[in-house]
Amino acid sequence: MTLALLFPGQGAQHPEMLRWLDESPQAQPALARMASAIGADWRTRVADADWSERNSIAQPSLTGLCIAAWNVLEGQLPLPVAIAGYSVGELAAYAAAGALEGADAQRLAVCRAQAMDRCAGTASAGLLSVTRIAALDVEAVCARLGLELAIRIGPDRVLVGGASDVLDSAARELIGRGGECKRLRVQVASHTSQMEPAAAEFAALLAGTRWSVPRTPLVTCFRGRATRAIDDLRRDLAAQIAHTVQWQRCLDTLAERRPRCVLEVGPGTTLARMWAAAHPEIPVRSIDEFGSAAAVVAWVRESRAD
């Protein structure tokens, strides 16, 4: 009778996301910090993709919303058996596990976005989703074209990072081979070697941040393994910025803990759908599918019942 948590990454934002947080007192400190970072009018501006998809907006807003949501839910749900965060979602995951204070995680989200933007400069780059082709075949194309595998999601689903024009060439070739390709709402080549200066800058920031041993294990993107060791958590959180995210391994590691149900804590349903595809025997929902915290709690309790 256990619960596992997933915290989503960049691109999950949408205008109607988690409106019930606006009326929740426990959510207000995190929402206020978020508004201070991105503007008090964020709720009305989020529909503007040119604004909301910027790293400087997307990463602090996503982190703030996820932390606000968990602050509302935490006292009503059991201690999770394990927690994983997808890309920048690791910051909220670390806060939920108690490894970082929520305010520090939100501050770090701002710093992370700034470091990645400085690293990217003015070069046009991004991420390409590739499905229906074996990951090994996609890797071969990447090696030939100078692209990198950014995120492993499944045996035939990956994200590829690199320069925009090269991503376009790769997409044409992979579609010709029967694949499905889609550019993501991300403007930098996250989780590739292009981000190594940003990872180093972020590692220095993490070294000066206060840490605590987490209450529950965290499954890190960099290795896809569960740990409560602070040195490992600190290293992995920085390293994932410039290395392939092992998301498929993260999901499998969570499944090995035998959760009775899984909850995606944040806007969108991307991770819930990934979980359902990988481990359909374990129920999963996103909190964005519910209209209140009470409805989320009721579903978890029902899913955990004998």
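Each value, and the rule that gives it
- Residues numbered from 1 in each chain as written.
- Predicted model: local features only at pLDDT ≥ 70, side-chain atom pairs only at ≥ 80, totals over all residues.
- Heavy atoms only, no water.
- Axes fitted to C-alpha atoms, helices over the stretch in contact; angles between N-to-C directions.
- Helix = DSSP H or I, 4+ residues; strand = E, 2+ residues; numbered from the N terminus.
- Parallel < 35°, antiparallel > 145°, perpendicular 65-115°, else oblique.
- Left-handed = near helix turned anticlockwise from the far one by under 90°.
- Contact = heavy atoms within 4.5 Å.
- Nonpolar A, V, L, I, M, F, W, Y, C, P; charged D, E, K, R; others polar.
- Buried < 20%, exposed > 50% of the residue type's maximum accessible area, 1.4 Å probe, protein only.
- Lys, Arg positive; Asp, Glu negative; His and termini not counted.
- Salt bridge = Lys/Arg side-chain N within 4 Å of Asp/Glu carboxyl O.
- Polar contact = N/O pair within 3.5 Å; in protein donor to acceptor, adjacent residues only side chain to side chain.
- Pairing = 2+ DSSP bridges.

### Describing the packing of helix H9 (residues 196-207) against helix H10 (residues 230-239)
Then comes step 1: Contact geometry of H9 with H10 gives a least axis separation of 8 Å together with a crossing angle of 150°. Taken together, H9 and H10 sit at an angle that is classed as roughly antiparallel. Between H9 and H10 the crossing geometry is right-handed. Contacts from Ala199, Phe202, Ala203, Leu206 and Ala207 of H9 reach H10 at Arg234, Leu237 and Ala238.
Then comes step 2: When grouped by side-chain class, the residues that make up the contact of H9 with H10 number seven nonpolar, no polar and one charged.

### Re the side chain of Arg112
Then comes step 1: In this fold, Arg112 is placed in helix H6 (residues 102-120).
Then comes step 2: Summary of buried charges: Arg112 has no salt-bridge partner, and the nearest side chain of opposite charge, Glu90, is 6.8 Å away.
Then comes step 3: Looking at Arg112, its side chain comes within polar contact range of the side chain of Gln59, at 3.0 Å.
Then comes step 4: Contacts of Arg112, omitting those with residues within four sequence positions, involve Gln59, Ser87, Val88, Leu91, His191, Phe202, Gln240 and Ile241.

### As for the pairing of strand S1 (residues 3-7)
Then comes step 1: Extensive coverage of S1 is indicated by the burial of five of its five residues.
Then comes step 2: Burial of the side chains of S1 extends over both faces: Leu3, Leu5 and Phe7 are buried on one face and Ala4 and Leu6 on the other.
Then comes step 3: When S1 meets strand S2 (residues 82-85), the two strands line up parallel, connected through four bridges. Counted as the bridge partner of Leu6 is Ala84 from S2.

### Remarks on the environment of Ala69
Then comes step 1: Turning to its location among the elements, Ala69 is positioned in helix H4 (residues 55-73).
Then comes step 2: With relative accessibility at 0%, the residue Ala69 sits in the buried group.
Then comes step 3: Each C-alpha atom of the pair Ala69 and Ala30 lies 9.0 Å from the other, and the pair is 39 residues apart in sequence.
Then comes step 4: Sequence-distant contacts of Ala69, that is, excluding residues within four places in its chain, are made with Leu21, Val265 and Ile287.

### Points about unusual backbone geometry
Then comes step 1: At Ser87, a position not held by glycine, the phi torsion is positive, near 60°.
Then comes step 2: Along the chain, Ser87 falls in the loop between S2 and helix H5 (89-97).
Then comes step 3: Owing to a relative accessible area of 11%, Ser87 belongs among the buried residues under this scheme.
Then comes step 4: The backbone phi angle of Arg132 is positive, close to 70°, even though this residue is not glycine.
Then comes step 5: Among the structural elements, Arg132 can be located in the loop between strand S3 (125-131) and helix H7 (135-145).

### Quick look at the environment of Ser24
Then comes step 1: Positionally, Ser24 belongs in the loop between S1 and helix H1 (28-38).
Then comes step 2: Spatially, the C-alpha atoms of Ser24 and Asn71 are 9.6 Å apart, while their sequence positions differ by 47 residues.

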